[in-house]
Amino acid sequence: MSTVFLSVRTRLTLWHAAVLALIVCAFSAGIFLFVRVKLFADVDAQLNRQILAIDRVYREEPGELRDLAPDWGLTLFQVSERGEPLIATEAWEREGLARAPRDDNSQPFSWLAPGGGRYRVHTLSAPSYSIAAAIDEASIRRTLGVLGLILAVGVPLAVALAISGGYFLAGRVLRPVGAIADKARRLTAESLGERLPVENPRDEFGRLATVINDALSRMQDSFERLRRFTADASHELRTPLTVMRSVGEVAVQRSLDRTVPRDTVGRMLEQVDRLTRLVDGLLMLTRADSGTIRPAREALELGALTGGAVDELRVLADEKQQSLVHHAPVAVFALGDAVLVRQALVNLIHNAIKYTPAGGAVRVEVTMTGSGEAQIDVRDDGPGIAPVHQGRIFERFYRVDPGRSREHGGVGLGLAIARWAVEANGGRIELASEEGKGSSFRVLLGAASRTA
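Quick summary incoming for the structure in this document. Just so it is clear, the model here is predicted, and its values are computed rather than measured. (Residues numbered from 1 in each chain as written. Predicted model: local features only at pLDDT ≥ 70, side-chain atom pairs only at ≥ 80, totals over all residues. Heavy atoms only, no water.)

1. Notes on the overall build of the chain
Looking only at helices and strands, one finds 11 helices and 12 strands in the chain. Counting only contacts in the chain whose residues sit at least 6 apart along the sequence, the fraction spanning at least 24 positions is 64%. If you sum the accessible surface of the chain, you get close to 26200 Å²; carbon and sulfur atoms cover 58% of it. (Helix = DSSP H or I, 4+ residues; strand = E, 2+ residues; numbered from the N terminus. Contact = heavy atoms within 4.5 Å. Areas by Shrake-Rupley, 256 points an atom, 1.4 Å probe, with all protein chains shown as cover.)

Have a look at this one:
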């Protein structure tokens, strides 16, 4: 059966049981072989001592050996001279050990007697005589049989216990996965604020749950931004449409000759212009989010680029009697898309003009940083931005003062577009502001040579 269709718990249990069974079998075989070798080594040592003792007695007191033969214990022996049996224990002839092969001074060996008994046989030869001795292996083989039976019963029992224990332990180990799956199954778009349980953040499942929770946090943030974006876009679209409807209804009620006053048409055109700018901004951000805008990479002379943006917006500064200063003492080149960088600059300068009071000053300066980056500073002496708002100032439709922003004709997308345009060119925007002391927006781009 393929393991593809088995659960992780079952596969872990089977692998655990297989590996443990292999280890137990190898260990049991090693134990059995070790005990067998040790038992036979002890018997061989005993047999060697006995045959040496028989040899000593035979050489020193041969008559005593004949008297001691019946009482020699478990050792059976035979002494022969010139091939003729001289002295032997009674059991030697009875068990037929005289038929055992003789190998002078050989190592002990096992031999099956005609009567069915197994004996360990050893031979010691001298020039005029030879001695053969044997010890019954029955006790050794009974011991090995009992050990083999214990191992034969113990190995399957150990494997069965390993399967049961492994299945239980696998369930305990995989319990966090089940909890994660159950929790994830209940998650919906309305409950993205909930998180998966993390029992131990330092183990593998804890790290997995933490990674998933981080992904859920990003998804929740994206959903929240989408909800805010939809709500804000709907509000921004509804406001000018409501104004246009009200202006149109008033004009119809007050116009007896069916001629709409010029100021009414002008107010309606202002709202149409605002709607156009709003839709254009939304379209640009939508194309940016979808990745359809691919910035060009070319060397830009930032002095000329910022100068063009300043000249384009100077009329707005003149209307408010503001001082709009452009300072680019040296040529600074940066890599980027001219259209996108110019759009970002126009939005930043327009924002500075919009929130700088009449008679104030706006300064645009181009320099090189000590780290080799191209730097554009847009400073104003407006009301500044409180720290609580600085982290969200680049969000779409976010306004520090919604009422005042609408009075200035803003749609809440200028800074969001500026940040996207700069980041799309590999740069970044930094904000430094203090309430009552104005704001400074700093654009940093990768520098380029003149020939880039």
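So, next bit.
2. As for a nonpolar patch on the surface
On the surface, a cluster of nonpolar side chains totalling about 350 Å² of accessible area is made up of W15, V19 and I23. In this fold, I23 is placed in helix α1 (residues 8-60). (Patch = residues over 30% accessible without salt bridge, like charges linked within 9 Å, V, L, I, M, F, W, Y side chains within 5 Å. Salt bridge = Lys/Arg side-chain N within 4 Å of Asp/Glu carboxyl O.)

3. Focus on the packing of aromatic side chains
Tallied over the full model, the rule gives 1 aromatic pair. A ring pair is formed by F394 and F441, whose centres lie 6.0 Å apart and whose planes are at 90°; its orientation type is edge-to-face. Here F394 is found in the loop between α9 (387-390) and α10 (402-407), whereas its partner F441 is found in strand β12 (residues 439-446), with 47 residues between them in sequence. (Phe/Tyr/Trp six-rings, centres within 6.5 Å; stacked < 30°, edge-to-face > 60°.)

4. Things to note about the pairing of strand β11 (residues 428-433)
Bridge count for β11 against β12 is 6 bridges, and the pairing is antiparallel. Within β12, the residue paired with L431 across the bridge is F441. (Pairing = 2+ DSSP bridges.)

5. Focus: the side chain of T356
In this fold, T356 is placed in the loop between α8 (338-355) and β9 (361-368). By relative accessible area, T356 is classed as buried at 1%. With near-sequence residues (within four places) excluded, T356 lies in contact with K320, Q322, A361, V362, D380, D381 and G382. (Buried < 20%, exposed > 50% of the residue type's maximum accessible area, 1.4 Å probe, protein only.)

6. What to know about helix α4 (residues 138-186)
The first and last C-alpha atoms of α4 sit 70 Å apart over 49 residues, in line with the 72 Å expected at 1.5 Å per residue. Taken together, the buried positions of α4 are occupied by I140, L144, L147, V155, A162, G166, A170, G171, L174, P176, I180 and K183. (Expected span 1.5 Å × (residues − 1).)

7. A look at the sheet that holds strand β7 (residues 323-327)
Taking strand neighbours across the sheet as the criterion, the 5 strands line up as β7-β9-β10-β12-β11 in an open arrangement whose pairing is mixed. Every other strand in the sheet has two partners, leaving β7 and β11 as the edge strands with one partner each. Strand after strand, the sheet turns through a mean of 15° between neighbouring axes, direction not considered. Most of the contacts of helix α7 (residues 302-319) go to β7, to which it runs at about 175°, and overall it touches β7, β9, β10 (373-380) and β12. The strands touched by α8 are β7, β9, β10, β11 and β12; relative to β10, the strand with the most contacts, the crossing angle is about 25°. (Axes fitted to C-alpha atoms, helices over the stretch in contact; angles between N-to-C directions.)

8. Details of the pattern of salt bridges
Evaluated as defined, the whole model comprises 15 salt bridges. The shortest N-O distance in the salt bridge between R120 and D44 comes to 2.7 Å. Residue R120 is located in strand β4 (residues 118-125), and its partner D44 is located in helix α1; the two are separated by 76 residues in the primary sequence. Assigned by exposure class, R120 and D44 land together as buried. Residues R428 and E430 are paired through a salt bridge, measuring 3.2 Å at the closest nitrogen-oxygen approach.

9. With respect to the nonpolar core
Here is a general trend for soluble globular proteins: nonpolar side chains tend to be buried in one another's company. One finds L302, L348, I349 and I429 to be the most contacted residues of the largest nonpolar core, which totals 37 residues. A total of 9 residues in this core trace back to one element, the largest contributor, which is α8. Membership of the second largest hydrophobic core comes to 15 residues, among which are L47, V79, I87 and I131. (Core = buried A, V, L, I, M, F, W, Y, C linked by side-chain atoms within 4.5 Å.)

10. Considerations on the packing of α7 against α8
Between two packed helices, both the angle of their axes relative to each other and the distance between the axes serve to describe the pair. The interhelical angle for the contact between α7 and α8, taken along N-to-C directions, is 35°, at an axis separation of 9 Å. With respect to the hand of their crossing, α7 and α8 are arranged in right-handed fashion. Note on element contacts: α8 touches α7 through A338, V341, R342, L345, V346, I349, H350 and I353, opposite L305, T306, G308, A309, V310, E312, L313, L316 and A317. Considered class by class, the residues forming the contact of α7 with α8 number 12 nonpolar, 3 polar and 2 charged. (Left-handed = near helix turned anticlockwise from the far one by under 90°. Nonpolar A, V, L, I, M, F, W, Y, C, P; charged D, E, K, R; others polar.)

Treat this as a map of the structure, not an account of what it does.
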